[in-house]
Amino acid sequence: MTAQSSSLPVTLGRLLLALYFLLPGLMKFAAFERHIGLMEQHGIPAAGSLLIIAGVANVIGALMLATNRHVRLASLGFIVYIILVNVMLHDFWNFEGIEGQHETQNFFKNLGILAGLLVLAGVSEKRSLSPSDLFQSDTAITNDR
């Protein structure tokens, strides 16, 4: 990890992004049927299975960001996740009126989150997934080098 990535603004941004994914990840399980309905409204096949995968990915990725572990990997994973969510669930081009406006707002809000993740991935060091350092923080790995 670069010296820049350990600065206070990057740390606060990383923690806020973790919170942004953690709370919705937990809500996917707390309001499971509501989320299934939303996915089915958008024509998502196998909604139940995909919702479980998304919820688990949100929680694990958020914990990785919050604990400063494999930040680049988590950021890149969330970038892919946001692209999929934007295309599949915030397809504003298929809606009109207030629903279309709502989906447009969510689509572009997610692009802002994606931009933050790109920056975070850019300032975070690429790490191997070796078993010996799998659970060490990015800072500890950098300091060992």
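Residues numbered from 1 in each chain as written. Predicted model: local features only at pLDDT ≥ 70, side-chain atom pairs only at ≥ 80, totals over all residues. Heavy atoms only, no water.

J.: I'd love a proper account of unusual backbone geometry, names of residues and values included.
T.: One non-glycine residue, Ala 46, lies in the positive phi region at around 50 degrees. Looking at the secondary structure, you find Ala 46 in the loop between α2 (32-41) and α3 (47-66). Among the residues examined, Ala 46 registers a relative accessible area of 54% and is labelled exposed. The backbone of Asn 68 shows a phi angle near 60 degrees, a positive value even though the residue is not glycine. Looking at the element boundaries, Asn 68 is found in the loop between α3 and α4 (71-89). Residue classification places Asn 68 among the buried residues on the basis of a relative accessible area of 9%. (Helix = DSSP H or I, 4+ residues; strand = E, 2+ residues; numbered from the N terminus. Buried < 20%, exposed > 50% of the residue type's maximum accessible area, 1.4 Å probe, protein only.)

J.: Describe the packing of aromatic side chains, listing the residues and the values that go with them.
T.: Summed over the entire model, instances satisfying the criterion amount to nine aromatic pairs. Between Tyr 20 and Phe 21 the ring centres are 5.0 Å apart and the planes differ by 90 degrees, which places this aromatic pair in the edge-to-face class. Here the aromatic cluster, defined as three or more aromatic residues joined through ring pairs, consists of Tyr 20, Phe 21, Phe 78 and Tyr 81. (Phe/Tyr/Trp six-rings, centres within 6.5 Å; stacked < 30°, edge-to-face > 60°.)

J.: Please provide a residue-by-residue account of the environment of His 42, values included.
T.: Tracing the backbone through its elements, the reader meets His 42 in the loop between α2 and α3. Apart from the residues within four sequence positions on either side, His 42 is in contact with Met 88, Leu 89, Asp 91, Phe 95 and Glu 103. (Contact = heavy atoms within 4.5 Å.)

J.: With reference to specific residues and values, describe the confidence of the model for the protein chain.
T.: Of the residues in the protein chain, 88% reach a pLDDT of 70 or more, and the chain-wide mean stands at 89. Confidence, expressed as mean pLDDT per element, reaches its minimum in the protein chain at helix α6 (residues 138-144) with 61 and its maximum at α3 with 97. (pLDDT = per-residue confidence, 0-100.)

J.: Please set out the nonpolar core residue by residue, giving values where relevant.
T.: By size, the foremost hydrophobic cluster in this structure holds 25 residues, and its most contacted members are Phe 21, Leu 65, Tyr 81, Ile 82, Leu 117 and Leu 120. Secondary structure elements with two or more residues in this core: α1 (8-30), α2, α3, α4 and α5 (97-123). Take this core: its biggest share by element is eight residues, from α4. Not counting the four nearest positions on each side in its chain, Phe 21 is found in contact with Asn 58, Ala 62, Phe 78, Tyr 81, Ile 82, Ile 113 and Leu 117. (Core = buried A, V, L, I, M, F, W, Y, C linked by side-chain atoms within 4.5 Å.)

J.: Let's hear about α2: which residues, and what values?
T.: If you check which residues of α2 are buried, you get His 35, Ile 36 and Met 39. Taken down its axis, α2 places every buried residue within 105 degrees of arc, on the same side. For α2, the exposed residues set more than 90 degrees away from the buried face come down to Glu 33, Arg 34 and Glu 40. Summarising the contacts, the buried residues of α2 are in contact with α1, α3 and α4. Just past α2, the residue Gly 43 takes up positive phi, approximately 75 degrees. (Arc of directions from axis to C-beta.)

J.: An account of the side chain of Asn 110 is requested, with residue identities and associated values reported.
T.: Note that Asn 110 resides in helix α5. Judged by relative accessible area, Asn 110 falls into the buried class, the value being 4%. Those residues in contact with Asn 110, other than ones at most four positions away along the chain, are Tyr 20, Ile 82, Val 85, Asn 86 and His 90.

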